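Remarks on the overall topology
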Amino acid sequence: MIEAALFFAAICYGLALLMDLWRISVGPDAADRILALDTMVINFIALLVIYGIARGTAIYFEAAMLIAMVGFVSTVAYCRFLLRGDIIE
Amino acid sequence: MPLYVEILISVFLVISGVFGFVGSYGLIKLKDSVQRLHAPTKATTLGVGGVLIASMIYFIAKTGHISIHELLITLFLFLTAPITANFIAKAYIARNMREGELPSSGGRYGWAVYDDPPESRPGS
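Sequence positions are assigned chain by chain, starting from 1 and proceeding in written order. Naming scheme: in the order in which they are written, chains are lettered from A and ligands are numbered from 1. In view of the model being predicted, local features appear only for residues whose pLDDT reaches at least 70, and side-chain atom pairs are presented and counted only at 80 or more, with totals across whole chains, interfaces and linings using the full set of residues. No hydrogens and no water enter the side-chain calculation; it runs on all heavy atoms of the structure.

Going by an unreviewed UniProt entry, chain B carries the name Na+/H+ antiporter subunit G and comes from Kangsaoukella pontilimi.

In the nomenclature of an unreviewed UniProt entry, chain A corresponds to K+/H+ antiporter subunit F from the organism Kangsaoukella pontilimi. UniProt positions are given in the numbering used here, feature names are shortened, and annotations may be inferred rather than shown by experiment. You can read under Sequence similarities (unreviewed entry) in the UniProt record for chain A the words "Belongs to the CPA3 antiporters (TC 2.A.63) subunit F family."

This part takes up the overall build of chain B. Within chain B, the regular secondary structure consists of 4 helices and 0 strands. What counts as a helix is a DSSP run of H or I of at least four residues, what counts as a strand is a run of E of at least two, and both are numbered from the N terminus. Taken from the N to the C terminus, the helices and strands of chain B come in the order α-α-α-α. Compactness check: chain B gives a C-alpha radius of gyration of 20 Å against a globular reference of 14 Å for 124 residues, more than 25% above the reference. Throughout, exposure labels follow a simple rule: accessible area from a 1.4 Å probe, protein chains only, divided by the maximum for the residue type, with under 20% read as buried, over 50% as exposed, and the rest as partly exposed. For chain B, with 124 residues in total, the buried portion stands at 38%. Whether two residues are in contact is decided by their heavy atoms: any pair within 4.5 Å suffices. Sequence-distant contacts in chain B: of pairs separated by 6 or more residues, those separated by 24 or more amount to 46%. The method behind every accessible area is Shrake-Rupley, applied with a 1.4 Å probe, and residues are considered shielded solely by the protein chains displayed. When the accessible surface of chain B is totalled, it reaches about 7,400 Å², and 66% of it is carbon and sulfur. Charge counting follows a simple rule: Lys and Arg are positive, Asp and Glu are negative, and His as well as the terminal groups are ignored. Lysine's charge is taken at NZ, arginine's at CZ, aspartate's at CG and glutamate's at CD. For chain B, the centre of its 10 positive side-chain charges and the centre of its 8 negative side-chain charges are spaced 5 Å apart. What the globule rule says is 2.2 Å times the number of residues to the power 0.38, and the radius of gyration is computed from C-alpha atoms.

Right, let's talk about the environment of Ala 31 of chain A for a bit. As for its placement among the helices and strands, Ala 31 of chain A is situated in helix 2 (residues 30-55). Between the alpha carbons of Ala 31 of chain A and Leu 6 of chain A there is a distance of 32 Å; along the sequence they are 25 residues apart. Excluding anything up to four places from it in sequence, Ala 31 of chain A contacts Ile 88 and Tyr 92 of chain B.

Note on definitions: salt bridges are taken to be side-chain nitrogens of Lys or Arg within 4 Å of carboxyl oxygens of Asp or Glu. The tally for this structure, following the rule as stated, stands at 2 salt bridges over all chains. Notably, a salt bridge pairs Asp 29 of chain A with Arg 95 of chain B, separated by 4.0 Å at the nearest N-O pair. In this pair, Asp 29 of chain A is assigned in the loop between helix 1 (2-26) and helix 2 and Arg 95 of chain B in helix 4 (residues 69-96), connecting two distinct chains. The class of Asp 29 of chain A is buried, set by a relative accessible area of 10%. The partner of Arg 36 of chain B in a salt bridge is Asp 32 of chain A, with the nearest N and O atoms 2.8 Å apart. Of this pair, Arg 36 of chain B sits in helix 2 (residues 33-36) while Asp 32 of chain A is found in helix 2, placing the two residues in two different chains. The burial state of Arg 36 of chain B is the same as that of Asp 32 of chain A; both residues are buried.

Right, let's talk about the interface of chain B and chain A for a bit. Facing the 50 residues of chain B at the interface are 48 residues of chain A. Surface buried jointly by chain B and chain A totals about 4,200 Å² across both partners, of which 80% is contributed by carbon and sulfur atoms. Two parts lose some accessible area (1.4 Å probe) when they are put together, and adding that loss for both gives the buried area. Looking at the side of chain B facing chain A, the largest losses of area belong to Phe 76, Phe 87 and Ile 88 of chain B, adding up to 13% of the total buried there. Connecting chain B to chain A are 2 salt bridges. In protein, a polar contact requires one atom able to donate a hydrogen and another able to accept it; more generally it is a pair of N or O atoms within 3.5 Å, and residues adjacent in sequence count only if both atoms are side-chain atoms. At the surface where chain B touches chain A, the tally comes to 11 residue pairs in polar contact (both at pLDDT 80 or more). Those elements that provide at least two residues to the side of chain B that touches chain A are helix 1 (3-29), helix 2, helix 3 (38-63) and helix 4 of chain B. Looking at the side of chain B that touches chain A element by element, the count peaks at 17 residues for helix 4 of chain B. Considering only residue class, the side of chain B that touches chain A consists of 30 nonpolar, 14 polar and 6 charged. Under the grouping applied here, Gly and all other residues not named as nonpolar or charged are polar, the nonpolar ones being Ala, Val, Leu, Ile, Met, Phe, Trp, Tyr, Cys and Pro and the charged ones Asp, Glu, Lys and Arg.

Right, here's the structure in full:
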């Protein structure tokens, strides 16, 4: 039963990643693209945790933690660049 | 692993998958940029929270002791999601709206994108 639920959740997050990619390629404003990138990072964390449950190891949580931190910093850096024209003043 | 634990993990996984899907579907469905900000920042964060709860229950049932990594990831995501949403909204306002188009901020100071921060008095 857990296998079927993992399969369903992985399909859901895979489709979500595809929709984020569509918004990144189409998005009329730069804020939309940044938002879609941030959503992609969060969806990928979920996908990585699902893969960790499926493999039965806890190794992937460190990778998920690192990706969460890098994704947050990159989102803030993009927004700072749009707001100020510079990241570190 | 007992049956009710498997049912609990599966329910959390299915709910979180639906929430993640709805968050990204709102990203392509909603009309305006500021409307689009709503769907991923709330639904997707909740979806990731569900996956992490399912993972925590699974590893407690499998190994017998509590793993703290998932709680760290959940805490980090729930702390940073409002900050990123605020930054994206500020970037949108700074690029797309002039100062006259914005409604009144409702407070004593204007919008943070255009006004200087208020003078901070020590001790007040």
